[in-house]
Amino acid sequence: LNQIMAKSISNGVKRVYLDYAASTPIHPKVSKAMADFDAKYFGNPNSLHREGQEARAKIDLARADIAKFISAQPQEIIFTSGATESNNLAIQGVVSFAINEFSFKPHIITTKIEHPSVYKIIKTLEERGVVSATYISPDKSGIINPEEVIAAIRHETVLISVIFVSNEIGTIVPVRAIGKLLAEINDKQKHKIIFHTDAAQAIKYENCNVEKINCDLLTFSGHKIYGPKGIGVLYVKTGTKINSLFYGGQQEYKLRPGTQNTPGIIGFAKAIELMGSLDKRLDSAKKITTLRDQLISGLTKIPNIVLNGPGGKEGTSDLVSITIYGIDQESLLASLDLAGISVSTGSACISGAVEPSHVIVALGRINNRRAASVRFTLGAKTTAEEIKYTINTFTTIVRRLDR
Ligand code: PMP
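Residues numbered from 1 in each chain as written. Predicted model: local features only at pLDDT ≥ 70, side-chain atom pairs only at ≥ 80, totals over all residues. Heavy atoms only, no water.

Visitor: Please explain the layout of surface pockets as it appears in this structure.
Guide: The rolling of a water-molecule-sized probe over the atoms marks out the regions of remaining empty space. Space inside the largest pocket adds up to approximately 620 Å³. Lining the largest pocket are 28 residues, with Y205, Y226, S284, G379 and A380 sitting closest to its centre. A per-element tally of the lining of the largest pocket places helix α10 (residues 278-299) first, with 7 residues. A volume near 480 Å³ is recorded for the second largest pocket. Taken together, 23 residues line the second largest pocket, and the ones lying closest to its centre are P116, E168, P356, S357 and H358. Residue composition of the lining of the second largest pocket, by class: 7 nonpolar, 11 polar and 5 charged. (1 Å grid on protein atoms, 1.4 Å probe; cavity = no way out; pocket = protein on both sides within 12 Å on 5 of 7 lines; lining within 4 Å. Points joined across faces, edges and corners; volume = space filled by probe spheres on them. Helix = DSSP H or I, 4+ residues; strand = E, 2+ residues; numbered from the N terminus. Nonpolar A, V, L, I, M, F, W, Y, C, P; charged D, E, K, R; others polar.)

So, in structure tokens, the structure goes:
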């Protein structure tokens, strides 16, 4: 496979990048803002001298802008190294506090469609006997029912952690409905159940106003929105009972020690500014939905292909995931890459060398024949011609491989 991939690097075919959910190219204005900042402000923002305080003032402004984007207070924004770390801090931080505070074993409610940086933490804590957990199943099209989430609450429940937009199958989870139902329960609870949502894929097109979602913790990350890699945020609502995971200095309101990634913070704020108002984001979502629907309609005409996830209004605007039977992941990925198309693939075969993703398993789409899952994610530069080329190329490749 590596040899085939190496060939594709140099074959001169025009690239069609359809993996924006994995990462986006950095916006030139973001790079410039970071370079300008870096050239001038090198001080440690925690130092009390002028160089430090100048850097501090800049990151305070960026923090305030980022807070405003989700309707939070600046002191509720904790900078991390990305969504993975934010999710770890959210879940492990809440569990760590709960273990010290309560005499019972903490219970967590989550779903079967979480990103591994949520799913694996909870699985591991459960396997170690630290917590018990309930994993809410999606229906066949990947939809999560908010009432099922709430019905799983027990006396020992301390945390609900639910993805906002699935990075694998595009489901938009009704987090506002969960937040609303939970608020009613929390009014009568002895200890408050904390609500966390991973919004890494949601901040592009969804309203992430934390007051409207009624969440206590919200994760997002810079490199999914044409910002830099290695910078993320955990929103922590004032008063949330959570412990820090690392030992060190007092940075980030004592929740995340270590010198901040100052240029990353500047770039992150710039990327958010460039996304613009909610109206502008919804407008971009509408445009990209048209391309998504063309892709869905072209791909689902191919035999042996089923759509993963809901599509339509319940699916995010920029993502198409399919399972294709009779073909394995590696040959498909290699052929697509040679044809210039970059997508994300997974196995959908239970007996293969590569383990299928827990999300595809949860949809019941796995098989003991050869089968692959493919995720296409569209972005700012995706064109109708690229979608057409992708459908035609995919159809030809599938015909060739499915013999
Ligand atoms: N959560 C979701 C939903 C994601 O899509 C991703 C990125 N694949 C992450 C978490 C991890 O983000 P990061 O790369 O910033 O750690």
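Moving on from the coordinates now.
Visitor: So what exactly am I meant to see when it comes to the site of the ligand here?
Guide: Around the ligand, the surrounding shell holds 14 residues, and the nearest of these are T84, D198, Q201, S221 and K224. Residue Q201 places a side-chain N or O atom 2.7 Å away from an oxygen atom belonging to the ligand. In the environment of the ligand, an oxygen atom lies 2.6 Å from a nitrogen or oxygen atom belonging to the side chain of S221. Within the complex, 85% of the 400 Å² of free accessible area of the ligand lies under protein. Considering every element that reaches the shell around the ligand, the biggest residue donor is helix α4 (residues 83-101), with 3 residues. For the shell around the ligand, the per-class residue count stands at 3 nonpolar, 9 polar and 2 charged. (Near = heavy atom within 4 Å. Polar contact = N/O pair within 3.5 Å; in protein donor to acceptor, adjacent residues only side chain to side chain. Areas by Shrake-Rupley, 256 points an atom, 1.4 Å probe, with all protein chains shown as cover.)

Distances and angles like these do not, on their own, reveal function.
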